[in-house]
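# Commentary on secondary and tertiary structure
Listed below, chain by chain, are the residues.
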Amino acid sequence: MYPVLAATALSPNVTRLVVEAPRIAQVRQPGQFVIVRRGPDAERIPLTIADADAEAGTITLVIQAVGKSTMDLVEVAPGDSIADVVGPLGSPTELLTTGHAVCVGGGVGTAVVHPIAQGLAALGVPVTSVIGGRSREWVIFEEELRRYGPVLVCTDDGSYGRHGFVTDALRDLLDEGGVDHVYAVGPVPMMKAVSALTLPYKVPTLVSLNAIMVDGTGMCGGCRVSIGGVSKYACVDGPEFDAHQVDFGLLADRLTTYRDFEQAAVARRTACLLPALAEAAAR
Ligand code: NAD
Ligand code: FES
């Protein structure tokens with residue numbers, strides 16, 4: 001069992017958990033993830049290790065509650081335990097050691113880009129972060145990323161930072177010149193847009209693909225993606241790939257495979273909770 005030491009709400013549906021997992025904390029590298037099951041019968045959820053403290057023996061996981069399993073997971077409180085935390089899984093990020101890196105994080109993807117910025121800064125690489133959210137309350141990990149270099153914040157509605165998408169701020173940086181590498185993590189349309197943007201500037205770009213995963217060991221084929229026309233498994237060959245080679249259309253299609261099942265599971269969960277919620281409201 002893996003004890004939960006802290007649970008903090010970062011935005012309306014994003015929660016940060018600090019979990020005791022000493023062996024993982026000691027060996028994890030930027031870009032790697034764990035597969036988590038809250039209980040023995042729960043669904044497996046792949047989560048990037050957003051941060052770790054080897055001395056304290058903890059890892060930080062950031063979860064967006066969008067489906068039944070993630071909604072169940074974010075209900076854990078300090079003192080509770082998670083049944084399984086398997087990892088670290090996946091290939092570590094290929095960190096450049098010279099030049100200027102730009103780390104782009106969209107929404108909850110900002111937590112995924114955090115360990116990359118951390119790893120680059122540890123190597124002495126200058127890092128600029130560009131992060132975005134729908135509005136101010138959806139911007140996460142700004143303070144953490146400021147430890148590693150300047151942070152440009154964008155919001156879709158202009159309620160904080162620059163009004164616009166992360167790609168607007170990235171375009172200005174590319175026009176200024178001096179960007180040697182881009183790392184981008186976020187929703188598929190964002191990563192696709194970043195890829196299309198950096199291509200004409202010939203700036204190497206890595207994206208982290210949030211493919212559906214089951215076993216996380218390359219056995220089930222669930223996380224198949226197409227990179228340069230070749231099938232790869234995000235869990236073992238990735239999750240990071242050359243953005244300019246990614247078939248984002250296939251990724252987006254495969255992410256919808258279980259949408260109807262997921263919606264039905266959320267509806268059942270809500271129906272089960274309604275009597276308890278009504279009772280609590282009546283008290
Ligand atoms: P969101 O939809 O609120 O978007 C976050 C930011 O991304 C926006 O504020 C904007 O700056 C940028 N963005 C979005 N669409 C864009 C576009 N078409 N062009 C340019 N920029 C764009 O994000 P969210 O709700 O926090 O993210 C949810 C999605 O992120 C889910 O689909 C989830 O699966 C995915 N996700 C991906 C990873 C990963 O490793 N790639 C990790 C976690 C979550
Ligand atoms: Fe099964 Fe990658 S999750 S092959």
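Below is a short write-up of the structure. Small disclaimer: the values here were computed from a predicted structure and weren't measured. (Residues numbered from 1 in each chain as written. Chains lettered and ligands numbered in written order. Predicted model: local features only at pLDDT ≥ 70, side-chain atom pairs only at ≥ 80, totals over all residues. Heavy atoms only, no water.)

### Remarks on the overall build of the chain
Per the secondary structure count, the chain includes nine helices and 16 strands. Here the C-alpha atoms of the chain give a radius of gyration of 19 Å, agreeing with the 19 Å that 2.2 N^0.38 yields for 283 residues. Its C-alpha atoms give the chain principal-axis dimensions of roughly 60 × 45 × 40 Å. Taking all 283 residues of the chain together, 48% fall into the buried category. Sequence-distant contacts, at least 24 apart, represent 64% of the contacts inside the chain between residues at least 6 apart. Working note: accessible area of the chain is about 13300 Å², and carbon and sulfur atoms make up 53% of it. (Helix = DSSP H or I, 4+ residues; strand = E, 2+ residues; numbered from the N terminus. Rg over C-alpha atoms; globule rule 2.2 N^0.38 Å. Buried < 20%, exposed > 50% of the residue type's maximum accessible area, 1.4 Å probe, protein only. Contact = heavy atoms within 4.5 Å. Areas by Shrake-Rupley, 256 points an atom, 1.4 Å probe, with all protein chains shown as cover.)

### Thoughts on the sheet that holds strand S1 (residues 2-11)
Across the sheet, seven strands lie side by side as S6-S1-S2-S5-S4-S3-S7; this open sheet has antiparallel pairing. A strand with exactly one partner marks an edge of an open sheet, and here the two such strands are strand S6 (81-82) and strand S7 (84-89). Where strand S3 (residues 33-37) lies against S7, four bridges are found, and the strand directions are antiparallel. When the sheet's bridge partners are listed, valine 36 is paired in S7 with valine 85. Docked against the sheet, helix H3 (residues 109-122) engages strand S4 (45-53) and strand S5 (58-64), running at close to 40 degrees with respect to S4. (Pairing = 2+ DSSP bridges. Axes fitted to C-alpha atoms, helices over the stretch in contact; angles between N-to-C directions.)

### Observations regarding the site of ligand 1
Close to ligand 1 lie 21 residues, the nearest being Val108, Arg134, Asp156, Ser208 and Asn210. Between valine 166 and ligand 1, the recorded distance is 3.1 Å, taken from a backbone N or O atom to an oxygen atom. A distance of 3.5 Å is found between an oxygen atom of ligand 1 and a backbone nitrogen or oxygen belonging to proline 187. Protein contact buries 77% of the 870 Å² of open area that ligand 1 shows by itself. Secondary-structure elements contributing two or more residues to the shell around ligand 1 are strand S9 (127-133), helix H5 (166-176) and helix H6 (188-198). Tallying contributions element by element places H6 first for the shell around ligand 1, with four residues. Considered class by class, the residues forming the shell around ligand 1 number 10 nonpolar, nine polar and two charged. (Near = heavy atom within 4 Å. Polar contact = N/O pair within 3.5 Å; in protein donor to acceptor, adjacent residues only side chain to side chain. Nonpolar A, V, L, I, M, F, W, Y, C, P; charged D, E, K, R; others polar.)

### Brief notes about the nonpolar core
Counting residues in each nonpolar core, the largest one holds 35 residues, and the members touching the most others are Val102, Val104, Val130, Leu170, Val182, Val207 and Leu209. For this core, the secondary-structure elements that each account for two or more residues are S3, strand S8 (101-106), H5, strand S12 (181-185), H6, strand S14 (224-227), helix H7 (234-237) and helix H8 (248-255). Ignoring any residue separated from it by four or fewer positions in sequence, one finds valine 130 in contact with Val102, Cys103, Val104, Gly105, Leu152, Cys154, Val166, Ala169 and Leu173. Listed in part, the 26 residues of the second largest apolar core include Ala101, Ala111, Ala117 and Ile131. (Core = buried A, V, L, I, M, F, W, Y, C linked by side-chain atoms within 4.5 Å.)

### Structural notes on the packing of H5 against H6
Running from N to C, H5 and H6 cross one another at 20 degrees; their axes reach a closest spacing of 10 Å. It follows from the interaxial angle that H5 and H6 lie roughly parallel. Between H5 and H6 lies a crossing whose hand is right-handed. Residues Val166, Thr167, Leu170, Arg171 and Leu174 of H5 touch H6, and the partners they reach there are Met190, Ala193, Val194, Leu197 and Thr198. Partitioned by chemical class, the residues of the contact of H5 with H6 number seven nonpolar, two polar and one charged. (Parallel < 35°, antiparallel > 145°, perpendicular 65-115°, else oblique. Left-handed = near helix turned anticlockwise from the far one by under 90°.)

### Remarks on the packing of aromatic side chains
One pass over the structure, following the stated rule, counts zero aromatic pairs. Against the face of tryptophan 138 rests arginine 134, its NZ or CZ located 4.1 Å from the ring centre. (Phe/Tyr/Trp six-rings, centres within 6.5 Å; stacked < 30°, edge-to-face > 60°. Lys NZ or Arg CZ within 6 Å of the ring centre and 35° of its normal.)

### Observations concerning the sheet that holds S12
Spatial ordering of the open sheet is given by S11-S10-S9-S8-S12-S13-S16, a layout of seven strands whose pairing is mixed. Two strands close off the open sheet at either side, each with one partner strand: strand S11 (162-163) and strand S16 (240-242). With six bridges joining them, S8 and S9 adopt parallel strand pairing. The residue of S9 that forms the bridge with valine 104 is valine 130.

### A short note on the packing of H6 against H8
With their axes 10 Å apart at the nearest point, H6 and H8 run at an angle of 180 degrees to one another. Classified by the angle between their axes, H6 and H8 sit roughly antiparallel to one another. Contacts between H6 and H8 pair Val188, Met191, Lys192 and Ser195 from the former with Phe248, Leu251, Ala252 and Leu255 from the latter. The residue makeup of the contact of H6 with H8, split by class, is six nonpolar, one polar and one charged.

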